[in-house]
Amino acid sequence: MSDQQASQFDMITTEDPLGTQMQAVDQIVATGRKANRIYATPSDSLASVAINALLARAKNGVSVLAGPTAAISTAGTPAATDLKLWGTEADSVTLTGVNVTTADTTALSKYPTTARNAAPAWRVTDTSVTTTNFKVTFTAYTGATKYVAYDLFGNTVGSSTTPSITITGNPVSVAIAAQNSSAKELKRMEFDLNRYLDASDRESAVVTSTVDGSKVGVLQILGTLSAPRTITRTMTDPFDPSVAPVTTTIATTCSKTFTDSGLDTTKQYSYDVVTEGGVDNQACKSTASATPDQSTSLQTQGAGVIVPSTTYPATAAARATTSATARTAASASHAAMPTITDTQLMEAMSKVSPRATLMAQTRAGGATALKKQLATTAAAAGPNYEVRWFGFIQGGGKYVPLLTPDETRPFLMFGGDNHGPGHPDGSHRIQADIQFYFQNSPQSIELVPNVGDSHEYYCSRPDLSGCKLAATKNAGTAGISLTSSSISGSVGIAQLRIHSALPFIPSPPEPAIDVDMRFRLQPGNSTMVGYHDAMPTHEVYSGLLPGDFARDYLAPEKGLRCLFPQPSFLGCQVHLNRSL
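Cut-off values and rules
Residues numbered from 1 in each chain as written. Predicted model: local features only at pLDDT ≥ 70, side-chain atom pairs only at ≥ 80, totals over all residues. Heavy atoms only, no water. Core = buried A, V, L, I, M, F, W, Y, C linked by side-chain atoms within 4.5 Å. Buried < 20%, exposed > 50% of the residue type's maximum accessible area, 1.4 Å probe, protein only. Contact = heavy atoms within 4.5 Å. Salt bridge = Lys/Arg side-chain N within 4 Å of Asp/Glu carboxyl O. Helix = DSSP H or I, 4+ residues; strand = E, 2+ residues; numbered from the N terminus. pLDDT = per-residue confidence, 0-100. Pairing = 2+ DSSP bridges.

S.K.: Break down the nonpolar core for me, citing the residues and quoting the values.
M.R.: For soluble globular proteins, the rule of thumb is that nonpolar side chains tend to be buried together. Residues Trp389, Phe436 and Phe519 are the most contacted members of the largest nonpolar core, which totals 43 residues. Discounting chain neighbours no more than four positions away, the residues touching Phe519 are Val387, Trp389, Ile434, Gly492, Ile493, Ala494, Leu496, Thr527, Met528, Val540 and Leu580. Within the second largest apolar cluster, 23 residues are counted, among which are Ile167, Val174, Leu193 and Val207.

S.K.: Explain the pattern of salt bridges residue by residue, including any values.
M.R.: Enumeration according to the criterion identifies 18 salt bridges in this entry. Between Arg551 and Glu539 there is a salt bridge, and its shortest N-O distance comes to 3.0 Å. Residue Arg551 is found in strand β30 (residues 550-555), and its partner Glu539 is found in strand β29 (residues 537-544); the two are separated by twelve residues along the sequence. We classify Arg551 as partly exposed; its relative accessible area is 26%. A relative accessible area of 0% places Glu539 in the buried class. Sharing partners across several salt bridges, the network here consists of Glu386, Arg388, Asp425 and Asp433.

S.K.: Mind laying out the confidence of the model for the chain, listing which residues take part and the relevant values?
M.R.: Summary statistics for the chain give a mean pLDDT of 82 and a share of 80% for residues scoring 70 or more. In the predicted structure, residues 293-298 sits below a pLDDT of 50 and forms nine contacts with residues beyond four places in sequence or in another chain.

S.K.: Quick rundown of the pairing of β29? Include the residues and the values.
M.R.: Here is the key point about a regular strand: its side chains alternate between the two faces of the sheet. Most of β29 sits out of view: eight of its eight residues are buried. Across eight bridges, the pairing between strand β18 (residues 385-392) and β29 is antiparallel. Paired with Phe390 across the two strands is Glu539, which belongs to β29. Here β29 pairs with β30 via five bridges, running antiparallel. Considered in β30, the bridge of His538 is made with Ala555.

See below:
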């Protein structure tokens, strides 16, 4: 299959047809068209679809499919989804097609009606870094005469009489306490961020702030790009690992400040902020061209940041498994609230703050269980902490637009892994386990790579029925390596490189899975930064060993074209700066 053939081929996956259609919308947006100027059309009329696409192109807008002619405003269609995400930031909605009415337009216009939440009065507004320190700037708190910053261990790391604190060292999570003239704490705010070690990180940096006990979280995007960003929220229960994470795409916005409300303060929330195409867009008052130079544009940019829980579950069960002494210590502690990863890392390093201890006790079943867990971890022969990169193909197989040598079965299929997200021990294309030995002497980092078998099938029909297995090959693990690694004290860094070629098409340009990701583990600012192909589906898991994994990242697959050398195809490479 040539580059040209691949560029002309894609398919709507049966696992997520809406997601696949929305990817097409993202690619149109990435060409620079005004992303919030929406042109919708009935999905059951080919003539309407063609007319709408031409009109949207002529008017510098985006063409999306609505419901069928008899039910234009059906929920869950690309049109309804896109308009709902834009909310009141939508510029306009135009319905085009055969036999559509004004009433249909009115019905569809009910979606872009959600106004953005107002930002709270007290919040972080900016963060800057130098080679020796970082500065957190925030709005003033009424009645406060002094502000004090505390790290995860309760240490005072900075203070100021003005609403800006400079802290020595690399940026990490801190709690900021507002005090009055009597040194009484009036309110506390948690501050978290993704990687922001130098000026080059600023474009992808996102910081978050939330007041302890508040149901409101604020994302502050530091990058200057005038482009729409889609925000996805994942809710995780830090006190019960058996509860499955809940992921919801909540908005598409041009604003650099986004406020999320109605949060459960006993849950942890992670936010993924995605910019398709990485180019300025006229929707965000940019004067950029509607046809940017694609040779210089970036691919999908992803940023991610975590908001830790700020209160503990007010349930009898939680109170029963947590000692009164631990609760009192946690309440009195000035320590910043840890994320799940922070808590696990501090357990692995046997440096546990009172608040982290309380969270660990609740999850592990009380102080006795925690003591046993720490003792087991310290004495274990296995790694202290592990990060797993996991790539797999959803479904049973993927059709490839090539003919087989078998005339009775001319259609070619490559086998899939027959499962969706959330199966870290399941079948896979690639798996890379990075093991950080924080407790060993000397400390070390090890890589355990694994590549699943690839299967080639010849099928009698294009619907991939009547298939027989033609060949099985394995690409081997030589393409998975750590190009650099270091570990010292509480900081571990590893650069993962993956180039795993599809063994059935060896001739250039060979389709391959490519990943280049730098992992940094440190209590208060664990991150992963780099890029990966948008095929297959990628997940990242992490956790103590022995123990259970928690999923940190999910990137659904976009199509076989994304296995070809980049940047041949728009949207096929994800540039990432994300908290763990």
